[in-house]
Amino acid sequence: MTLRRRTLVLAGGAGLVLRVRPAHGALAPALDEAIRAWAGTAAAPRTGRVRLEIAPLVENGNAVPISVKVDSPMSTADHVREIAVFTERNPQLDVARFQLGPVNGRAEVATRIRLAASQNVVALARLSDGSVWQHTVDVLVTLAACIEG
Amino acid sequence: MATAVRTLIHVPRPVRQGDIVEIRATIAHVMETGHRPDAEGRRVPRDIVTRFECQLDGTLVFAADVYPAVAANPYFAFDLRAERSGTLVFTWEGDRGFQHRETAAFAVT
Amino acid sequence: MRRGGRAAAAALALLGALAACVAGSAPASHTANGADTRRSGFEDMSRALQALQRDETQNPGMLWVQEGEALWARRAGDGRSCAGCHGAEAARVANASARYPVFDVETRRPLTLAGRIDRCRQRHLGLPGQGPDGDEVLALSAWLAQRARGLPIEAADDARLEPWRARGESLWRRRMGQLDLACGLCHDERAGEKLGGAVIPQGHPAGYPTYRLEWQTLGSLQRRIRGCIVGVRAEPFAPDADESLALEVWLQRRAAGMRIEGVAVRP
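Residues numbered from 1 in each chain as written. Chains lettered and ligands numbered in written order. Predicted model: local features only at pLDDT ≥ 70, side-chain atom pairs only at ≥ 80, totals over all residues.

1. Overview of the overall build of chain B
Part 1 of the reasoning: When you go through chain B residue by residue, the secondary structure sums to 0 helices and 7 strands.
Part 2 of the reasoning: Ordered by position in the sequence, the α and β elements of chain B form the string β-β-β-β-β-β-β.
Part 3 of the reasoning: With the principal axes as the frame, chain B shows a C-alpha extent of 55 × 30 × 20 Å.
Part 4 of the reasoning: Residues classed as buried in chain B amount to 34% of the 109 residues present.
Part 5 of the reasoning: Within chain B, residue pairs in contact and separated by at least 24 positions form 55% of the contacts whose partners lie at least 6 positions apart. (Helix = DSSP H or I, 4+ residues; strand = E, 2+ residues; numbered from the N terminus. Buried ≥ 20, exposed ≤ 12 C-beta atoms within 10 Å, placed from the backbone. Contact = placed C-beta atoms within 7 Å.)

Have a look at this one:
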């Protein structure tokens, strides 16, 4: 298992903080549980078909544009029923759940989310055949330069 | 004096039958997470939009269950296949009995 | 080296360093060969935020722009409206955001656009004063900024503004607060470098009022300046204080020729 290192340099040279993060794919247990509870399937969600678009480096965690696109014909026989977004380290793991159907034509949603810290963001899609697919992106959130009162 | 709720809604036009178009809706709302301390250090109570729906002539075409991690002045974009003209109705619901409704024409040629 | 000699050398070095800091540098707006080195904070942002600013169907500041457009036409108690004097869709004042601050003969002081809007509404529409971050003043400022998008900021050649510009420049270069920093130390000398992971912008006024993600709302230039001053742990100036007006005049002169961006989005 490879470890990825992140260093956070504090303004004013107060010191170096070394953070060791788990390898991509190994999410925090609470997040894993929340996803399983939503997915409701015995099998773990599969990676693929879903693309979470989010900047890997975010200047301010208060409003982060994201979009989720799912590869699906959106036909009556084969479409996306629901798209869910979770975060790993926000005070609450849920972000949003979107309900879709064939009338949408394309399974694409966009919104702006809050990220309390650098963390994994996970987007999942539940298809009409019951299968669940996911995409995880590791996002680095930087701080505002001047901290106002 | 209550100020009217502001929204920004974008429905493309012209729209031809069979086109798949993107609808965008923003509503002005503070989306207070419930985790923030006020000046005295007390937690500011949660005050968010919890649900957004779009209906076309009475049929639900998109819905979102919204949590505090959605940014202030929440924005949603989704796609819609143009089949026939109708009226789009956007509704938002939230904490403290928050409710708002907007309509827009969906003109399909 | 003898002890006395070493102390003298150290003292001279310290004095030299202090002198270099206090003297300040010329505004780094043009290089020696005349190239304009000024850049908007827009260029320091990620592509996602740039796209957000550019797109009027997504830019959260448009909530205020839309409101400002409605307010412009709205009639007050006696039937008067902004449009009644200044033209429908601000036809006669479309460049207002690029022209202000101006010298106000009535008060013999600079007048910002927000100040002008606030005063007009009180005087001619009988509405209560709000300050630059009042909701309706902000909405009208936002709409006028969007109307002036693309116009170059005017150089404000009015000689009566010169003492204010000079005072603003001197404030810009003066160290202040517990952190003992001058605006220019960051926004002239270190613009483009990083502070705590964020790129330091040059600090131009072309995108105000701005939807700042840090505020999660739209805010005025005065609000941003106040935030900066609090950020270096100094006492902020009141919005109508001489210092605030002087800083705005200086910032406008410093940004003369740069294009108005409309309502910007910034981290």
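Past the structure itself, the notes keep going.
2. As for the overall build of chain C
Part 1 of the reasoning: Helix and strand counts for chain C come out as 11 helices and 7 strands.
Part 2 of the reasoning: Taking as baseline every contact in chain C between residues at least 6 positions apart, the subset at least 24 positions apart corresponds to 69%.

3. Some words on the environment of Tyr100(C)
Part 1 of the reasoning: Looking at where Tyr100(C) falls in the secondary structure, it is placed in the loop between α5 (96-99) and β1 (102-104).
Part 2 of the reasoning: Along the chain, Tyr100(C) and Leu111(C) lie 11 residues apart, while their C-alpha atoms are 7.3 Å from each other.

4. So, the pairing of strand β9 (residues 107-113) of chain A
Part 1 of the reasoning: Of all 7 residues that make up β9(A), 6 are buried, and the element is covered over most of its length.
Part 2 of the reasoning: One ladder, built from 7 bridges, connects strand β6 (residues 64-70) of chain A with β9(A); its direction is antiparallel. Across the sheet, Val70(A) pairs through a bridge with Ala107(A), a residue of β9(A).
Part 3 of the reasoning: Bridging between β9(A) and strand β5 (residues 75-81) of chain B involves 3 bridges; their strand directions are antiparallel. Each residue of the ladder has a partner; that of Val109(A), found in β5(B), is Phe78(B). (Pairing = 2+ DSSP bridges.)

5. Considering the packing of helix α8 (residues 162-173) of chain C against helix α11 (residues 242-254) of chain C
All names here are of chain C.
Part 1 of the reasoning: Two elements in contact, α8 and α11, have axes whose closest approach is 7 Å; the angle formed by their N-to-C orientations is 95°. Comparing the axis directions of α8 and α11 gives the class roughly perpendicular. Between α8 and α11, the residues in contact are Trp164, Arg165, Arg167, Gly168, Glu169, Leu171 and Trp172 and Glu243, Leu245, Ala246, Leu247, Val249, Trp250 and Arg253, respectively.
Part 2 of the reasoning: Looking at side-chain class alone, the contact of α8 with α11 contains 8 nonpolar, 1 polar and 5 charged residues. (Axes fitted to C-alpha atoms, helices over the stretch in contact; angles between N-to-C directions. Parallel < 35°, antiparallel > 145°, perpendicular 65-115°, else oblique. Nonpolar A, V, L, I, M, F, W, Y, C, P; charged D, E, K, R; others polar.)

6. Some thoughts on helix α3 (residues 62-73) of chain C
Part 1 of the reasoning: Over its 12 residues, α3(C) extends 17 Å from the first C-alpha to the last, a length consistent with the 16 Å expected when each residue adds 1.5 Å.
Part 2 of the reasoning: Within α3(C), 9 of the 12 residues are buried, which leaves the element mostly enclosed by the surrounding structure.
Part 3 of the reasoning: Along α3(C), the residues classified as buried are Met62(C), Leu63(C), Trp64(C), Val65(C), Gln66(C), Glu67(C), Gly68(C), Leu71(C) and Trp72(C).
Part 4 of the reasoning: Summarising the contacts, the buried residues of α3(C) are in contact with β1 (7-10) and β2 (20-27) of chain B together with α4 (82-86), α7 (135-147) and β6 (217-219) of chain C. (Expected span 1.5 Å × (residues − 1).)

Purely geometric numbers; function is a separate question.
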